Amino acid sequence: MEPDDKIYEKLYYHVFNRLTDLAREIEQLQMELEEMYLDSTEPD
């Protein structure tokens with residue numbers, strides 16, 4: 001494997017892992033917002 005290929009492979013995995021982490025963070029935020037919304041719409 002060429003040195004450039006190794007760098008691209010490391011970058012690919014880094015970006016892939018970061019995007020996976022961001023997707024999880026977005027899902028968590030969506031759940032929190034849904035909870036906040038549902039709490040705010042409950043009758044008192």
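Along each chain, the written sequence defines residue order, and numbers are assigned to residues from 1. Whole-chain, interface and lining totals are the exception, using all residues; otherwise, since this is a predicted model, local features are given only for residues with pLDDT of at least 70 and side-chain atom pairs are given and counted only at 80 or more. Only hydrogens and water are set aside; all other atoms, that is, all heavy atoms of the structure, feed into the side-chain values.

So, about the overall build of the chain. The helix and strand inventory of the chain stands at one helix and zero strands. Considered along the principal axes of its C-alpha atoms, the chain spans approximately 65 × 10 × 5 Å. Note on classification: 1.4 Å probe, protein chains only; a residue is buried when its accessible area is under 20% of the maximum for its type, exposed when over 50%, partly exposed between these limits. Considering the chain as a whole, with its 44 residues, one finds that 0% of them fall into the buried category. Using the Shrake-Rupley algorithm and a 1.4 Å probe, accessible areas are obtained, with residue cover drawn only from the displayed protein chains. Looking at the chain as shown, the accessible area adds up to about 4,600 Å², and 58% of this sits on carbon and sulfur atoms. His is not counted here, nor are the chain ends, while Lys and Arg score as positive and Asp and Glu score as negative. Charged side chains are reduced to one point each, which is NZ for Lys, CZ for Arg, CG for Asp and CD for Glu. Each charge sign in the chain was given a centre, from 4 positive and 13 negative side chains, and these centres are 15 Å apart. We count a stretch as a helix when DSSP gives it H or I for four or more residues in a row; a strand needs E for two or more, and each element gets its number in order from the N terminus.

Further remarks concern the pattern of salt bridges. Here a salt bridge means any side-chain nitrogen of Lys or Arg lying within 4 Å of a carboxyl oxygen belonging to Asp or Glu. Tallied over the full model, the rule gives two salt bridges. Here Arg-24 ties to Asp-21 by a salt bridge, and the two come within 3.7 Å at their closest N and O atoms. Residue Arg-24 and its partner Asp-21 are both found in helix H1 (residues 3–41); the two are separated by three residues, about one turn of the helix.

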